[in-house]
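# An overview of the molecular structure
The primary structure of each chain is shown beneath.
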Amino acid sequence: IACANMANLLLSRAATRRREIAVRVVLGATRGRVIRQLFVEGALLAVGGAVVAVLVAAVTMRLLVALLPPALAAIAPPTIDGRVLAFTLMIALATSLVFGVWPAMGLSRVDLGSAMKLAGAGGGGSRRRGGAHGVLVIAEVSLALMLLIGAGLMIESMRNLLRENSGVRPE
């Protein structure tokens, strides 16, 4: 969900920067240079987001350990799995790089004069959105709904388990 949200934000930002990119190309910047700039911006965004995410995860784990009963925390302390963390970081990096560089790739197929005229008259061309925006919104809403339903089912299952007599006297 976070990656779909980030992709939407990057596409929206790209729509408003369309004129800026066109001006850079008209003034002599090569497409490779513009792509490198957007690549570096996307990489910095991904690395910054990853650092913040790891810090939030570490703080959340400490809070979770503090909330758990000591016996349960001693048996199975919650930890951050390195493989899951690496996979998540790779997905975040790929998302920011793909959707950060995509506008520069599309610029090679656009008439620069018309892009500058439209951006100058319409304030950045942010009203026109591609099909990727709609697909990302649908994916984000679908994933959020699936996560909400899964959380509701998990809470209901936990309530049912707590009501059930396990046959063991807790004392």
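In this report, the structure presented in the accompanying data block is examined. Bear in mind the structure is a predicted one, so any value in this text is a computation, not a measurement. (Residues numbered from 1 in each chain as written. Predicted model: local features only at pLDDT ≥ 70, side-chain atom pairs only at ≥ 80, totals over all residues. Heavy atoms only, no water.)

## As for a nonpolar patch on the surface
A cluster of nonpolar residues, Ile-1, Leu-143, Met-146 and Leu-147, forms a patch on the protein surface that exposes about 390 Å² of accessible area. Along the chain, Met-146 turns up in helix H7 (residues 131–163). (Patch = residues over 30% accessible without salt bridge, like charges linked within 9 Å, V, L, I, M, F, W, Y side chains within 5 Å. Areas by Shrake-Rupley, 256 points an atom, 1.4 Å probe, with all protein chains shown as cover. Salt bridge = Lys/Arg side-chain N within 4 Å of Asp/Glu carboxyl O. Helix = DSSP H or I, 4+ residues; strand = E, 2+ residues; numbered from the N terminus.)

## Quick notes on helix H1 (residues 2–16)
Over its 15 residues, H1 runs 21 Å from end to end, which matches the ideal 21 Å to within 8%, given 1.5 Å per residue. Every buried residue of H1 is listed here: Ala-4, Met-6, Ala-7, Asn-8, Leu-10, Leu-11, Ala-14 and Ala-15. (Expected span 1.5 Å × (residues − 1). Buried < 20%, exposed > 50% of the residue type's maximum accessible area, 1.4 Å probe, protein only.)

## What to know about the environment of Ser-12
By the secondary structure assignment, Ser-12 is in helix H1. The spatial distance from the C-alpha of Ser-12 to the C-alpha of His-133 is 8.4 Å, given a sequence separation of 121 residues.

## Re empty space enclosed by the protein
One pass over the structure, following the stated rule, counts one cavity of 30 Å³ or more. Roughly 40 Å³ of internal volume is contained in the largest cavity. Every residue along the wall of the largest cavity is listed here: Leu-10, Arg-13, Ala-14, Arg-17, Ile-21, Leu-38, Phe-99, Gly-100 and Pro-103. Counting only elements with at least two residues in the lining of the largest cavity, the list comes to H1 and helix H5 (82–107). (1 Å grid on protein atoms, 1.4 Å probe; cavity = no way out; pocket = protein on both sides within 12 Å on 5 of 7 lines; lining within 4 Å. Points joined across faces, edges and corners; volume = space filled by probe spheres on them.)

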